[in-house]
Amino acid sequence: MPPQLLWFRRDLRLSDHPALLAAIEGDGPVLPFFVIDPKLWDPAGPPRQAWLIRSLTALAQDCDGRLVIRYGDPVDVVPALAAELKADTVFATADCGPYGRTRDAAVADALTQIDVRLERIGTPYAVGPGTVLNGSGDPYKVFTPFSRAWREHGWPAPAASLKAVETVRWAKADSEKLPGEPDLGAMQLPPAGEAAALERWHEFLEDDVNDYAERRDQPGVDGTSGLSVHLKYGEVHPRTLLAGLARKRSGGTGVETFRGELCWREFYADVLWHKPASAREYLRSEFARMRYEPAGDRFEAWCQGRTGFPIVDAGMRQLQAEGWIHNRVRMIVASFLVKDLHVEWQHGARWFMRWLRDGDLASNQHGWQWVAGSGTDAAPYFRVFNPITQGLKFDPDGVYVRRYVAELSDLPGAAAHEPWKHPDGYAGGYPERMVDHAAERLDALARYQEIKK
DNA sequence: TTTTGAGTTGTTCGA
DNA sequence: GTCGAACAACTCAAA
(Lines give C-alpha, C1' and ligand atoms only; values in the text may rest on other atoms or scores of the structure.)
Protein backbone atom coordinates (compact mmCIF):
# COMPACT_ATOMS: atom_id res chain seq x y z
CA MET A 1 0.00 0.00 0.00
CA PRO A 2 1.65 3.31 -1.06
CA PRO A 3 1.82 5.97 1.64
CA GLN A 4 -0.02 9.27 1.84
CA LEU A 5 2.58 12.02 1.78
CA LEU A 6 2.35 14.78 4.36
CA TRP A 7 4.48 17.78 3.51
CA PHE A 8 5.28 19.85 6.62
CA ARG A 9 6.15 23.51 6.18
CA ARG A 10 5.04 26.05 8.78
CA ASP A 11 2.80 23.62 10.65
CA LEU A 12 5.26 21.67 12.79
CA ARG A 13 2.76 19.97 15.09
CA LEU A 14 0.45 16.98 15.18
CA SER A 15 -2.59 18.35 17.04
CA ASP A 16 -5.26 20.55 15.47
CA HIS A 17 -3.84 19.71 12.05
CA PRO A 18 -6.51 19.24 9.34
CA ALA A 19 -4.05 18.20 6.62
CA LEU A 20 -2.72 15.42 8.83
CA LEU A 21 -6.25 14.22 9.55
CA ALA A 22 -7.00 14.19 5.84
CA ALA A 23 -3.87 12.14 5.19
CA ILE A 24 -4.87 9.63 7.87
CA GLU A 25 -8.21 9.07 6.17
CA GLY A 26 -6.45 7.41 3.25
CA ASP A 27 -5.79 3.68 3.31
CA GLY A 28 -2.02 3.76 3.40
CA PRO A 29 0.39 4.82 6.12
CA VAL A 30 1.44 8.48 6.36
CA LEU A 31 4.89 9.56 5.29
CA PRO A 32 5.82 12.91 6.90
CA PHE A 33 8.52 14.96 5.20
CA PHE A 34 10.15 18.38 5.25
CA VAL A 35 12.16 20.00 2.47
CA ILE A 36 15.06 22.27 3.34
CA ASP A 37 14.66 24.85 0.57
CA PRO A 38 17.75 27.02 0.03
CA LYS A 39 15.55 29.94 -1.01
CA LEU A 40 14.09 30.05 2.51
CA TRP A 41 17.00 28.60 4.44
CA ASP A 42 19.80 30.84 3.20
CA PRO A 43 18.29 34.24 4.04
CA ALA A 44 17.16 33.10 7.50
CA GLY A 45 19.61 34.19 10.20
CA PRO A 46 21.01 31.97 12.95
CA PRO A 47 17.98 32.23 15.29
CA ARG A 48 15.47 31.01 12.71
CA GLN A 49 17.78 28.32 11.36
CA ALA A 50 18.42 27.03 14.87
CA TRP A 51 14.74 27.16 15.77
CA LEU A 52 13.75 25.26 12.66
CA ILE A 53 16.28 22.51 13.35
CA ARG A 54 15.12 22.15 16.95
CA SER A 55 11.46 22.21 16.02
CA LEU A 56 12.02 19.58 13.32
CA THR A 57 13.94 17.46 15.81
CA ALA A 58 10.98 17.56 18.18
CA LEU A 59 8.54 16.81 15.37
CA ALA A 60 10.64 13.86 14.21
CA GLN A 61 10.44 12.37 17.69
CA ASP A 62 6.68 12.83 17.73
CA CYS A 63 6.55 10.97 14.39
CA ASP A 64 8.41 8.00 15.86
CA GLY A 65 11.57 9.12 14.14
CA ARG A 66 10.03 8.70 10.71
CA LEU A 67 10.21 12.35 9.57
CA VAL A 68 11.97 12.43 6.21
CA ILE A 69 14.29 15.34 5.43
CA ARG A 70 15.21 16.26 1.87
CA TYR A 71 17.20 19.17 0.44
CA GLY A 72 16.60 21.25 -2.66
CA ASP A 73 13.98 23.03 -4.70
CA PRO A 74 10.58 21.56 -3.80
CA VAL A 75 9.58 21.68 -7.46
CA ASP A 76 12.12 18.89 -8.02
CA VAL A 77 12.23 17.25 -4.63
CA VAL A 78 8.51 16.69 -3.97
CA PRO A 79 7.68 15.01 -7.30
CA ALA A 80 10.81 12.88 -6.94
CA LEU A 81 9.73 11.70 -3.51
CA ALA A 82 6.18 11.00 -4.69
CA ALA A 83 7.50 8.95 -7.59
CA GLU A 84 9.96 7.10 -5.36
CA LEU A 85 7.15 6.05 -3.02
CA LYS A 86 4.47 5.63 -5.68
CA ALA A 87 2.17 8.00 -3.79
CA ASP A 88 -0.80 9.58 -5.51
CA THR A 89 -1.50 12.44 -3.10
CA VAL A 90 0.59 15.00 -1.21
CA PHE A 91 -1.19 16.69 1.69
CA ALA A 92 -0.10 20.07 3.03
CA THR A 93 -1.36 23.08 4.93
CA ALA A 94 -1.74 25.95 2.49
CA ASP A 95 1.03 28.53 2.56
CA CYS A 96 -0.42 32.04 2.20
CA GLY A 97 2.77 34.05 1.66
CA PRO A 98 3.96 35.35 -1.71
CA TYR A 99 6.80 32.87 -2.14
CA GLY A 100 4.86 29.91 -0.77
CA ARG A 101 1.90 30.45 -3.06
CA THR A 102 4.07 30.66 -6.15
CA ARG A 103 6.12 27.64 -5.06
CA ASP A 104 3.05 25.55 -4.32
CA ALA A 105 1.48 26.38 -7.67
CA ALA A 106 4.68 25.25 -9.38
CA VAL A 107 4.89 22.08 -7.27
CA ALA A 108 1.23 21.28 -7.97
CA ASP A 109 1.91 21.65 -11.71
CA ALA A 110 4.96 19.42 -11.55
CA LEU A 111 3.02 16.80 -9.58
CA THR A 112 0.17 16.85 -12.08
CA GLN A 113 2.68 15.77 -14.75
CA ILE A 114 3.11 12.49 -12.90
CA ASP A 115 -0.55 12.12 -11.88
CA VAL A 116 -0.10 13.17 -8.28
CA ARG A 117 -2.37 15.66 -6.52
CA LEU A 118 -1.27 18.38 -4.11
CA GLU A 119 -4.06 18.76 -1.54
CA ARG A 120 -3.83 22.00 0.37
CA ILE A 121 -5.99 21.73 3.48
CA GLY A 122 -6.30 24.47 6.07
CA THR A 123 -4.10 27.51 6.59
CA PRO A 124 -1.95 28.81 9.45
CA TYR A 125 -4.81 31.15 10.40
CA ALA A 126 -8.14 30.86 12.20
CA VAL A 127 -9.81 32.52 9.22
CA GLY A 128 -8.08 31.98 5.90
CA PRO A 129 -6.61 35.08 4.28
CA GLY A 130 -8.92 36.42 1.60
CA THR A 131 -12.04 35.23 3.42
CA VAL A 132 -13.12 38.34 5.34
CA LEU A 133 -14.55 40.93 2.94
CA ASN A 134 -16.46 44.15 3.43
CA GLY A 135 -19.99 44.93 2.20
CA SER A 136 -18.70 45.68 -1.30
CA GLY A 137 -16.86 42.37 -1.52
CA ASP A 138 -13.49 44.07 -1.16
CA PRO A 139 -10.80 43.40 1.44
CA TYR A 140 -10.64 45.61 4.51
CA LYS A 141 -7.90 48.18 4.71
CA VAL A 142 -8.56 49.34 8.26
CA PHE A 143 -8.03 47.11 11.26
CA THR A 144 -11.06 47.90 13.42
CA PRO A 145 -13.74 47.11 10.82
CA PHE A 146 -11.73 44.02 9.82
CA SER A 147 -11.66 42.83 13.42
CA ARG A 148 -15.42 43.25 13.76
CA ALA A 149 -16.05 41.26 10.61
CA TRP A 150 -13.43 38.66 11.60
CA ARG A 151 -15.13 38.04 14.95
CA GLU A 152 -18.53 37.92 13.29
CA HIS A 153 -17.25 35.43 10.73
CA GLY A 154 -16.00 33.17 13.51
CA TRP A 155 -13.71 30.20 13.17
CA PRO A 156 -13.95 26.44 13.44
CA ALA A 157 -13.21 24.54 16.62
CA PRO A 158 -9.79 22.85 16.87
CA ALA A 159 -9.52 19.90 14.52
CA ALA A 160 -8.60 17.03 16.84
CA SER A 161 -6.60 16.35 19.95
CA LEU A 162 -3.09 14.96 19.81
CA LYS A 163 -4.40 11.88 21.56
CA ALA A 164 -6.77 11.13 18.71
CA VAL A 165 -3.94 10.91 16.20
CA GLU A 166 -1.55 8.87 18.29
CA THR A 167 -2.55 5.85 16.27
CA VAL A 168 -1.07 7.21 13.06
CA ARG A 169 0.78 4.57 11.08
CA TRP A 170 3.95 6.28 9.92
CA ALA A 171 5.56 5.06 6.73
CA LYS A 172 9.31 4.76 6.38
CA ALA A 173 11.63 6.17 3.75
CA ASP A 174 15.25 7.23 3.40
CA SER A 175 16.01 10.55 5.00
CA GLU A 176 18.92 12.92 4.87
CA LYS A 177 20.30 14.42 8.07
CA LEU A 178 19.20 17.78 9.43
CA PRO A 179 21.69 20.59 8.90
CA GLY A 180 24.09 21.40 11.71
CA GLU A 181 23.09 24.23 14.01
CA PRO A 182 24.53 27.65 13.21
CA ASP A 183 26.76 29.30 15.79
CA LEU A 184 24.46 31.16 18.18
CA GLY A 185 27.23 32.60 20.32
CA ALA A 186 25.76 33.41 23.72
CA MET A 187 22.19 33.49 22.44
CA GLN A 188 19.73 31.36 24.43
CA LEU A 189 16.49 30.33 22.74
CA PRO A 190 13.42 29.07 24.57
CA PRO A 191 12.53 25.41 23.97
CA ALA A 192 11.12 24.72 20.50
CA GLY A 193 8.50 22.24 19.34
CA GLU A 194 4.84 21.46 19.87
CA ALA A 195 5.12 20.25 23.46
CA ALA A 196 7.01 23.38 24.49
CA ALA A 197 4.50 25.56 22.65
CA LEU A 198 1.56 23.98 24.42
CA GLU A 199 3.30 24.19 27.77
CA ARG A 200 3.95 27.89 27.28
CA TRP A 201 0.37 28.40 26.11
CA HIS A 202 -1.17 26.68 29.11
CA GLU A 203 1.02 28.62 31.49
CA PHE A 204 0.04 31.87 29.78
CA LEU A 205 -3.66 31.00 29.82
CA GLU A 206 -3.62 29.92 33.46
CA ASP A 207 -1.62 32.76 34.94
CA ASP A 208 -0.39 35.47 32.65
CA VAL A 209 -3.33 36.41 30.46
CA ASN A 210 -5.11 38.10 33.35
CA ASP A 211 -2.51 40.87 33.55
CA TYR A 212 -1.70 40.83 29.86
CA ALA A 213 -3.44 44.12 29.04
CA GLU A 214 -1.44 46.03 31.67
CA ARG A 215 1.88 44.26 31.41
CA ARG A 216 2.35 43.58 27.72
CA ASP A 217 3.51 47.12 26.99
CA GLN A 218 6.34 47.24 29.54
CA PRO A 219 9.56 45.92 28.04
CA GLY A 220 11.26 45.51 31.41
CA VAL A 221 8.53 43.14 32.56
CA ASP A 222 7.95 39.57 31.41
CA GLY A 223 4.37 40.31 30.37
CA THR A 224 4.07 39.12 26.78
CA SER A 225 2.78 35.72 25.73
CA GLY A 226 5.99 34.55 24.09
CA LEU A 227 3.85 32.65 21.59
CA SER A 228 4.81 34.51 18.41
CA VAL A 229 7.65 32.14 17.58
CA HIS A 230 5.46 29.08 18.17
CA LEU A 231 2.79 30.52 15.88
CA LYS A 232 5.41 31.34 13.26
CA TYR A 233 6.43 27.68 12.98
CA GLY A 234 2.91 26.39 13.45
CA GLU A 235 3.82 24.53 16.63
CA VAL A 236 0.42 25.64 17.81
CA HIS A 237 -2.51 26.80 15.70
CA PRO A 238 -4.40 30.03 16.51
CA ARG A 239 -7.64 28.01 16.57
CA THR A 240 -6.31 26.20 19.62
CA LEU A 241 -5.56 29.53 21.28
CA LEU A 242 -8.92 31.09 20.44
CA ALA A 243 -10.76 28.06 21.77
CA GLY A 244 -8.81 28.27 25.01
CA LEU A 245 -9.58 31.97 25.37
CA ALA A 246 -13.27 31.30 24.82
CA ARG A 247 -13.27 28.81 27.69
CA LYS A 248 -11.58 31.25 30.05
CA ARG A 249 -14.22 32.54 32.44
CA SER A 250 -12.40 35.33 34.23
CA GLY A 251 -9.72 36.61 31.96
CA GLY A 252 -10.75 40.25 32.20
CA THR A 253 -9.45 42.62 29.59
CA GLY A 254 -6.37 40.46 29.06
CA VAL A 255 -8.35 37.87 27.12
CA GLU A 256 -9.84 40.51 24.86
CA THR A 257 -6.49 42.20 24.34
CA PHE A 258 -4.77 38.94 23.44
CA ARG A 259 -7.56 37.98 21.04
CA GLY A 260 -6.99 41.37 19.41
CA GLU A 261 -3.30 40.55 18.95
CA LEU A 262 -4.20 37.29 17.22
CA CYS A 263 -6.55 39.28 15.01
CA TRP A 264 -3.71 41.63 14.05
CA ARG A 265 -1.72 38.62 12.88
CA GLU A 266 -4.66 37.55 10.72
CA PHE A 267 -5.27 41.07 9.42
CA TYR A 268 -1.72 41.51 8.19
CA ALA A 269 -1.77 38.06 6.59
CA ASP A 270 -4.97 39.14 4.80
CA VAL A 271 -3.40 42.39 3.59
CA LEU A 272 -0.36 40.50 2.27
CA TRP A 273 -2.62 37.94 0.60
CA HIS A 274 -4.35 40.65 -1.40
CA LYS A 275 -1.18 42.67 -2.04
CA PRO A 276 1.80 40.28 -2.22
CA ALA A 277 4.04 43.07 -3.53
CA SER A 278 3.64 44.92 -0.22
CA ALA A 279 6.28 42.59 1.21
CA ARG A 280 8.80 44.76 -0.65
CA GLU A 281 7.06 47.87 -1.96
CA TYR A 282 5.25 50.74 -0.31
CA LEU A 283 1.57 49.95 0.12
CA ARG A 284 0.94 53.67 -0.46
CA SER A 285 2.95 54.27 -3.58
CA GLU A 286 3.49 58.00 -3.03
CA PHE A 287 5.96 57.07 -0.27
CA ALA A 288 8.35 55.82 -2.92
CA ARG A 289 8.82 59.48 -3.90
CA MET A 290 9.94 60.62 -0.46
CA ARG A 291 13.53 61.73 0.15
CA TYR A 292 15.49 59.09 2.08
CA GLU A 293 19.05 58.67 3.23
CA PRO A 294 21.18 55.75 2.07
CA ALA A 295 21.68 52.93 4.55
CA GLY A 296 25.32 53.67 5.39
CA ASP A 297 27.21 54.16 8.64
CA ARG A 298 24.17 55.43 10.47
CA PHE A 299 22.20 52.33 9.57
CA GLU A 300 25.11 50.24 10.78
CA ALA A 301 25.12 52.11 14.12
CA TRP A 302 21.39 51.41 14.44
CA CYS A 303 21.90 47.71 13.69
CA GLN A 304 24.62 47.38 16.31
CA GLY A 305 22.88 49.42 19.00
CA ARG A 306 25.24 52.41 19.05
CA THR A 307 22.87 55.31 18.39
CA GLY A 308 23.33 56.96 21.78
CA PHE A 309 19.61 56.68 22.53
CA PRO A 310 19.35 54.16 25.37
CA ILE A 311 16.07 52.43 24.61
CA VAL A 312 16.89 52.19 20.91
CA ASP A 313 20.26 50.63 21.65
CA ALA A 314 18.77 48.32 24.27
CA GLY A 315 16.26 47.05 21.70
CA MET A 316 18.81 46.49 18.97
CA ARG A 317 21.10 44.67 21.38
CA GLN A 318 18.25 42.55 22.68
CA LEU A 319 17.64 41.51 19.08
CA GLN A 320 21.12 40.09 18.68
CA ALA A 321 21.22 38.70 22.23
CA GLU A 322 17.91 36.88 22.13
CA GLY A 323 16.58 36.88 18.55
CA TRP A 324 13.60 38.80 19.82
CA ILE A 325 12.57 42.36 20.70
CA HIS A 326 9.69 43.45 22.87
CA ASN A 327 6.84 44.75 20.72
CA ARG A 328 6.81 48.26 22.20
CA VAL A 329 10.52 48.56 21.52
CA ARG A 330 10.13 47.29 17.94
CA MET A 331 7.99 50.36 17.30
CA ILE A 332 10.47 52.67 18.96
CA VAL A 333 13.52 51.39 17.07
CA ALA A 334 11.59 51.31 13.80
CA SER A 335 10.40 54.87 14.23
CA PHE A 336 13.97 55.91 14.97
CA LEU A 337 15.35 54.34 11.80
CA VAL A 338 12.63 55.73 9.54
CA LYS A 339 11.99 59.14 11.09
CA ASP A 340 15.23 60.10 12.82
CA LEU A 341 17.66 58.52 10.35
CA HIS A 342 15.35 58.77 7.31
CA VAL A 343 16.28 55.29 6.10
CA GLU A 344 13.71 53.29 4.12
CA TRP A 345 11.77 50.72 6.14
CA GLN A 346 12.87 47.83 3.93
CA HIS A 347 16.40 47.97 5.33
CA GLY A 348 15.15 47.68 8.89
CA ALA A 349 12.64 45.00 7.97
CA ARG A 350 15.38 42.90 6.38
CA TRP A 351 17.58 43.22 9.47
CA PHE A 352 14.64 42.20 11.65
CA MET A 353 13.91 39.18 9.46
CA ARG A 354 17.53 38.15 9.71
CA TRP A 355 17.66 38.25 13.50
CA LEU A 356 14.15 37.70 14.79
CA ARG A 357 13.40 34.12 15.73
CA ASP A 358 9.68 34.91 15.25
CA GLY A 359 10.24 36.85 12.00
CA ASP A 360 6.96 36.55 10.12
CA LEU A 361 6.82 38.22 6.72
CA ALA A 362 3.27 39.59 6.97
CA SER A 363 3.50 40.92 10.52
CA ASN A 364 7.04 42.20 10.11
CA GLN A 365 6.67 44.02 6.80
CA HIS A 366 3.32 45.55 7.69
CA GLY A 367 4.43 46.53 11.16
CA TRP A 368 7.25 48.44 9.49
CA GLN A 369 4.96 49.96 6.89
CA TRP A 370 2.64 51.09 9.66
CA VAL A 371 5.47 52.87 11.45
CA ALA A 372 6.68 54.40 8.19
CA GLY A 373 3.18 55.74 7.54
CA SER A 374 2.94 53.91 4.22
CA GLY A 375 0.81 50.96 5.36
CA THR A 376 -2.75 50.26 6.37
CA ASP A 377 -4.11 52.49 9.10
CA ALA A 378 -1.12 54.68 8.45
CA ALA A 379 0.11 56.50 11.49
CA PRO A 380 -0.75 60.20 11.16
CA TYR A 381 2.23 62.06 9.76
CA PHE A 382 2.84 63.91 13.01
CA ARG A 383 3.16 60.75 15.06
CA VAL A 384 6.92 60.55 15.53
CA PHE A 385 8.03 58.51 18.52
CA ASN A 386 10.27 60.38 20.93
CA PRO A 387 12.74 57.69 22.05
CA ILE A 388 13.40 59.42 25.37
CA THR A 389 9.81 59.99 26.48
CA GLN A 390 8.88 56.50 25.27
CA GLY A 391 11.66 55.08 27.40
CA LEU A 392 10.61 57.05 30.47
CA LYS A 393 6.97 56.15 30.00
CA PHE A 394 7.24 52.41 29.37
CA ASP A 395 10.47 51.60 31.23
CA PRO A 396 10.22 54.14 34.07
CA ASP A 397 12.86 52.51 36.26
CA GLY A 398 15.32 51.88 33.46
CA VAL A 399 15.29 48.13 34.12
CA TYR A 400 15.10 47.22 30.45
CA VAL A 401 17.83 49.59 29.34
CA ARG A 402 20.30 48.47 32.00
CA ARG A 403 19.66 44.83 31.16
CA TYR A 404 20.94 45.21 27.60
CA VAL A 405 23.26 48.24 27.66
CA ALA A 406 26.19 47.41 29.89
CA GLU A 407 27.67 50.93 29.64
CA LEU A 408 24.61 52.28 31.46
CA SER A 409 24.34 49.58 34.09
CA ASP A 410 25.62 51.84 36.89
CA LEU A 411 23.08 54.62 36.27
CA PRO A 412 20.23 54.62 38.79
CA GLY A 413 16.55 54.47 37.86
CA ALA A 414 15.36 56.66 35.03
CA ALA A 415 18.82 58.23 34.66
CA ALA A 416 19.64 55.30 32.37
CA HIS A 417 17.37 56.92 29.78
CA GLU A 418 19.13 60.29 29.93
CA PRO A 419 22.85 59.76 30.54
CA TRP A 420 23.54 63.31 29.29
CA LYS A 421 21.83 64.63 32.42
CA HIS A 422 23.92 62.58 34.83
CA PRO A 423 27.47 63.50 35.90
CA ASP A 424 28.66 59.92 35.38
CA GLY A 425 26.41 59.31 32.40
CA TYR A 426 29.24 58.54 30.01
CA ALA A 427 31.65 56.98 32.50
CA GLY A 428 30.85 53.54 31.12
CA GLY A 429 31.81 54.53 27.60
CA TYR A 430 28.31 54.88 26.20
CA PRO A 431 28.25 56.72 22.84
CA GLU A 432 26.91 60.27 22.42
CA ARG A 433 23.59 60.76 20.68
CA MET A 434 24.15 60.44 16.94
CA VAL A 435 21.41 62.93 15.99
CA ASP A 436 19.31 65.71 17.49
CA HIS A 437 15.89 64.14 17.80
CA ALA A 438 13.95 67.41 17.76
CA ALA A 439 15.67 68.49 14.55
CA GLU A 440 15.23 65.11 12.85
CA ARG A 441 11.55 65.08 13.80
CA LEU A 442 11.04 68.38 12.01
CA ASP A 443 13.03 67.07 9.05
CA ALA A 444 10.79 63.98 8.89
CA LEU A 445 7.67 66.16 8.95
CA ALA A 446 9.11 68.30 6.15
CA ARG A 447 9.79 65.21 4.02
CA TYR A 448 6.20 64.08 4.51
CA GLN A 449 4.99 67.50 3.37
CA GLU A 450 6.92 67.12 0.13
CA ILE A 451 5.04 64.04 -1.03
CA LYS A 452 1.58 65.38 -0.32
CA LYS A 453 -0.53 65.75 -3.41
C1' DT B 1 -24.26 58.14 -5.15
C1' DT B 2 -23.66 60.88 -1.21
C1' DT B 3 -22.69 61.62 3.31
C1' DT B 4 -20.91 60.95 7.70
C1' DG B 5 -18.08 59.26 11.28
C1' DA B 6 -13.96 57.09 12.41
C1' DG B 7 -9.19 55.71 12.21
C1' DT B 8 -3.55 50.62 17.59
C1' DT B 9 0.26 52.00 19.94
C1' DG B 10 2.07 60.24 19.92
C1' DT B 11 4.16 64.74 20.91
C1' DT B 12 4.30 69.38 22.05
C1' DC B 13 2.78 73.58 23.73
C1' DG B 14 0.64 76.59 26.71
C1' DA B 15 -2.51 77.40 30.41
C1' DG C 1 3.27 68.43 37.48
C1' DT C 2 -1.10 68.05 34.95
C1' DC C 3 -4.33 68.78 31.47
C1' DG C 4 -6.51 69.67 27.08
C1' DA C 5 -6.01 71.27 22.57
C1' DA C 6 -3.69 71.34 18.28
C1' DC C 7 -1.33 68.94 14.98
C1' DA C 8 -4.03 68.12 8.24
C1' DA C 9 -5.98 66.06 5.43
C1' DC C 10 -7.29 61.73 3.68
C1' DT C 11 -9.09 57.23 3.13
C1' DC C 12 -12.11 53.89 4.38
C1' DA C 13 -16.50 51.66 5.87
C1' DA C 14 -21.06 51.77 6.19
C1' DA C 15 -25.48 53.86 6.28
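Criteria and cut-off values
Residues numbered from 1 in each chain as written. Chains lettered and ligands numbered in written order. Predicted model: local features only at pLDDT ≥ 70, side-chain atom pairs only at ≥ 80, totals over all residues. Helix = DSSP H or I, 4+ residues; strand = E, 2+ residues; numbered from the N terminus. Rg over C-alpha atoms; globule rule 2.2 N^0.38 Å. Buried ≥ 20, exposed ≤ 12 C-beta atoms within 10 Å, placed from the backbone. Contact = placed C-beta atoms within 7 Å. Near = placed C-beta within 6 Å. Nonpolar A, V, L, I, M, F, W, Y, C, P; charged D, E, K, R; others polar. Pairing = 2+ DSSP bridges. Axes fitted to C-alpha atoms, helices over the stretch in contact; angles between N-to-C directions. Core = buried A, V, L, I, M, F, W, Y, C linked by C-beta atoms within 7 Å. Left-handed = near helix turned anticlockwise from the far one by under 90°. Parallel < 35°, antiparallel > 145°, perpendicular 65-115°, else oblique. Expected span 1.5 Å × (residues − 1). Domains from an automatic or database assignment.

Visitor: Explain the overall build of chain A here, please?
Guide: Helix and strand counts for chain A stand at 19 helices and five strands. On C-alpha atoms alone, chain A measures out to a radius of gyration of 23 Å, which is about the 22 Å that the 2.2 N^0.38 rule sets for 453 residues. Once the C-alpha set of chain A is aligned to its principal axes, its extents read approximately 75 × 50 × 45 Å. A buried classification covers 43% of the 453 residues belonging to chain A. Long-range pairs, those at least 24 residues apart, make up 76% of the contacts in chain A between residues at least 6 apart in sequence.

Visitor: Honestly, the protein's contact with DNA strand B in this entry has me stumped. Any pointers?
Guide: Close to DNA strand B lie 16 residues, the nearest being Phe143, Thr144, Asp377, Arg383 and Asn386. For the surface near DNA strand B, the secondary structure elements donating two or more residues are helix H6 (143-153), helix H17 (387-394) and helix H19 (437-450). Within the surface near DNA strand B, the residues separate by chemical class into nine nonpolar, four polar and three charged.

Visitor: How should I be thinking about the sheet that holds strand E3 (residues 68-71) in this particular structure?
Guide: Sheet strands pair via backbone hydrogen bonds, and the direction of the pair is either parallel or antiparallel. An order of E3-E2-E1-E4-E5 is seen for the five strands of this open sheet, with the pairing classed as parallel. Of all strands in the sheet, those with a lone pairing partner are E3 and strand E5 (117-120), marking the two edges. The mean angle between the axes of side-by-side strands here comes to 30°, regardless of whether they run parallel or antiparallel. Note that strand E1 (residues 4-8) and strand E2 (residues 30-36) share five bridges and pair parallel. Each residue of the ladder has a partner; that of leucine 6, found in E2, is proline 32. Packing of helix H4 (residues 74-85) onto the sheet brings it into contact with E1, E2, E3 and strand E4 (89-92), and relative to E2 it is tilted by some 155°.

Visitor: For this particular structure, what's the right way to read the pairing of E1?
Guide: The element E1 is extensively covered by neighbouring structure, given that five of its five residues are classed as buried. A two-sided burial pattern is seen for E1, the buried positions comprising Gln4, Leu6 and Phe8 on one face and Leu5 and Trp7 on the other. As judged from the three bridges shared by E1 and E4, these two strands associate in the parallel manner. Following the sheet pairing, tryptophan 7 is matched in E4 by alanine 92.

Visitor: I tried to follow the nonpolar core on my own but got confused; where do I start?
Guide: Burial of nonpolar side chains together is a common tendency in soluble globular proteins. With 42 residues, the main nonpolar core has Val333, Leu337 and Val401 as its most contacted residues. In terms of residues, this core owes the most to one element, helix H14 (residues 327-340), which gives seven residues. Beyond its immediate chain neighbours, meaning those up to four positions away, valine 401 contacts Pro310, Ile311, Ala314, Gly391, Asp395, Leu408, Ala416 and His417. Formed by 39 residues, the second largest nonpolar core is a distinct cluster that contains Leu6, Leu20, Phe34 and Val68.

Visitor: Which parts of the structure should I look at to understand the packing of H4 against helix H5 (residues 98-113)?
Guide: Each packed pair of helices is defined by two parameters, the angle between the axes and the distance between the axes. As a packed pair, H4 and H5 sit with axes 9 Å apart at the nearest point and diverge in direction by 40°. Crossing of H4 over H5 shows right-handed handedness. Residues Pro74, Val75, Val78, Pro79 and Ala82 of H4 form the contact with H5, whose participating residues are Arg103, Ala106, Val107, Ala110 and Leu111. Partitioning the contact of H4 with H5 into residue classes produces nine nonpolar, no polar and one charged.

Visitor: Would you explain the packing of helix H10 (residues 238-247) against helix H11 (residues 252-274) in this entry?
Guide: Following both chains from N to C, one finds H10 and H11 inclined at 160°, their axes separated by 11 Å at the closest point. Classified by the angle between their axes, H10 and H11 sit roughly antiparallel to one another. Classified by chirality, the crossing of H11 by H10 is left-handed. Contacts between H10 and H11 pair Pro238, Leu241, Leu242 and Leu245 from the former with Val255, Phe258, Arg259 and Leu262 from the latter. Here the residues of the contact of H10 with H11 sort into seven nonpolar, no polar and one charged.

Visitor: Even after reading the chapter, I still don't get the environment of glycine 305, so can you show me in this structure?
Guide: Mapping glycine 305 onto the fold places it in the loop between helix H12 (297-304) and helix H13 (310-322). A residue is classified by how many C-beta atoms lie within 10 Å of it, and glycine 305, with 22 of them, is buried. Beyond its immediate chain neighbours, meaning those up to four positions away, glycine 305 contacts Asp313, Met316 and Arg317.

Visitor: Even after reading the chapter, I still don't get H13, so can you show me in this structure?
Guide: Each α-helix turn comprises 3.6 residues. Residues three or four places apart therefore point the same way. With 13 residues, H13 should reach 18 Å at 1.5 Å per residue; the first-to-last C-alpha distance of 18 Å fits that figure. Within the sequence span of H13, burial applies to Pro310, Ile311, Val312, Asp313, Ala314, Gly315, Met316, Gln318, Leu319 and Gln320. Summarising the contacts, the buried residues of H13 are in contact with H12, H14, helix H15 (345-355), H17 and helix H18 (399-404). Within two residues after H13, glycine 323 carries a phi angle of roughly 70°, on the positive side.

Visitor: Looking at this structure, I do not really get the domain arrangement of chain A. What am I missing?
Guide: Often, the extent of an interface is quoted as the loss of accessible area on bringing the components together. As assigned here, chain A comprises domain 1 (4-122), domain 2 (125-157 + 194-274) and domain 3 (285-450). For domain 2 and domain 3, the distance between their C-alpha centres works out to 26 Å. Between domain 2 and domain 3, the residue contacts involve 16 residues of the former and 18 residues of the latter. When residues of the side of domain 2 that touches domain 3 are traced back to their parent elements, those giving at least two are helix H9 (228-232) and H11. By residue number, the principal contributor to the side of domain 2 that touches domain 3 is H11, which donates five residues. Partitioned by chemical class, the residues of the side of domain 2 that touches domain 3 number eight nonpolar, four polar and four charged.

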